[in-house]
Amino acid sequence: MTTVIMRTTARAIVPIVLVVAISLFFEGHNLPGGGFIGGVLTVTAFGIVYMAFGLDFLERGVLGREVDPGKGASRDRVVLAYRRLFAYGFAIAVLSGLVPLVFDRPFLTQTFVMLEGVPIYDHLEVASAMAFDFGVYCVVVGGLLTILSVVGAE
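Residues numbered from 1 in each chain as written. Predicted model: local features only at pLDDT ≥ 70, side-chain atom pairs only at ≥ 80, totals over all residues. Heavy atoms only, no water.

- Labelled according to an unreviewed UniProt entry, the protein chain appears under the name Na+/H+ antiporter MnhB subunit-related protein, originating from Natrinema pellirubrum.
- The Subcellular location (unreviewed entry) field of the UniProt record for the protein chain holds the comment "Cell membrane". (UniProt positions renumbered as here; feature names shortened; annotations may be inferred.)

Pasting the structure below:
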């Protein structure tokens, strides 16, 4: 049983953690950060929600998954969805590295486009490396949410 203080703190902290995770994801191809740390921070936010409100709330309320308490089949579907996210992320990361080979460039070669007038950032460099970072992000989130669900169900 969690306390009111824990739940109130979680409501205040989780949005901040998610904003920092998104910021690190977008800045990661030039500065420290990227898909890995963005994914870890995203799962950290989910972990805080899990500690404050429970695994069923996390899966039903936050992720929109149907979970019937006491039924292993619905829990298996949730874990399967996380594993799918892991597999799709892995595929995206590998394919983003192979695309330059089609253009006779070395593996994982990147290019970029500058976007001007972007709110908050003013200008934003969108690099092809962001596809790789997104794949890594999906791998980290899918893998760690799988672990969180399996271990949390015990």
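1. What about the overall build of the protein chain?
1) Next: When helices and strands are counted, the protein chain shows five helices and two strands.
2) Next: Counted from the first residue to the last, the protein chain has its helices and strands arranged as α-α-α-α-β-β-α.
3) Next: Taking all 154 residues of the protein chain together, the buried fraction comes to 32%.
4) Next: For the protein chain, the proportion of contacts with a sequence separation of at least 24, taken over those separated by at least 6, is 57%.
5) Next: A total of about 9400 Å² of accessible surface is found on the protein chain, and carbon and sulfur atoms cover 70% of it. (Helix = DSSP H or I, 4+ residues; strand = E, 2+ residues; numbered from the N terminus. Buried < 20%, exposed > 50% of the residue type's maximum accessible area, 1.4 Å probe, protein only. Contact = heavy atoms within 4.5 Å. Areas by Shrake-Rupley, 256 points an atom, 1.4 Å probe, with all protein chains shown as cover.)

2. As for the packing of helix H1 (residues 4-27) against helix H2 (residues 35-53)
1) Next: Where H1 contacts H2, the two axes come as close as 8 Å, and the packing angle between them is 170°. What the angle tells us is that H1 and H2 run roughly antiparallel. Note on element contacts: H2 touches H1 through Gly35, Ile37, Gly38, Leu41, Thr42, Ala45, Ile48, Val49, Met51, Ala52 and Phe53, opposite Met6, Arg7, Ala10, Arg11, Ile13, Val14, Val17, Leu18, Val20, Ala21, Leu24 and Phe25. (Axes fitted to C-alpha atoms, helices over the stretch in contact; angles between N-to-C directions. Parallel < 35°, antiparallel > 145°, perpendicular 65-115°, else oblique.)

3. Some words on the environment of Val17
1) Next: Along the chain, the position of Val17 falls in helix H1.
2) Next: Exposure remark for Val17: the relative accessible area of 14% places this residue in the buried category.
3) Next: In sequence terms Val17 and Leu41 are 24 residues apart; their C-alpha atoms lie 6.5 Å from each other.
4) Next: Those residues in contact with Val17, other than ones at most four positions away along the chain, are Leu41 and Ala45.

4. Looking at the UniProt feature "transmembrane region" (unreviewed entry) in the protein chain
1) Next: Mapped onto the present numbering, the UniProt feature "transmembrane region" (unreviewed entry) falls at residues 12-29, 35-55, 85-103 and 134-153.
2) Next: In this annotation, residues 85-103 is assigned 95% helix and 0% strand; the end-to-end C-alpha distance for the span is 28 Å.

5. Describing the side chain of Thr146
1) Next: The residue Thr146 is located in helix H5 (residues 129-153) in this model.
2) Next: A distance of 2.7 Å separates the side chain of Thr146 from the backbone oxygen of Gly142, its partner in a polar contact.
3) Next: Non-local contacts of Thr146, meaning those with residues more than four positions away in its chain, are made with Val79, Tyr82 and Arg83. (Polar contact = N/O pair within 3.5 Å; in protein donor to acceptor, adjacent residues only side chain to side chain.)

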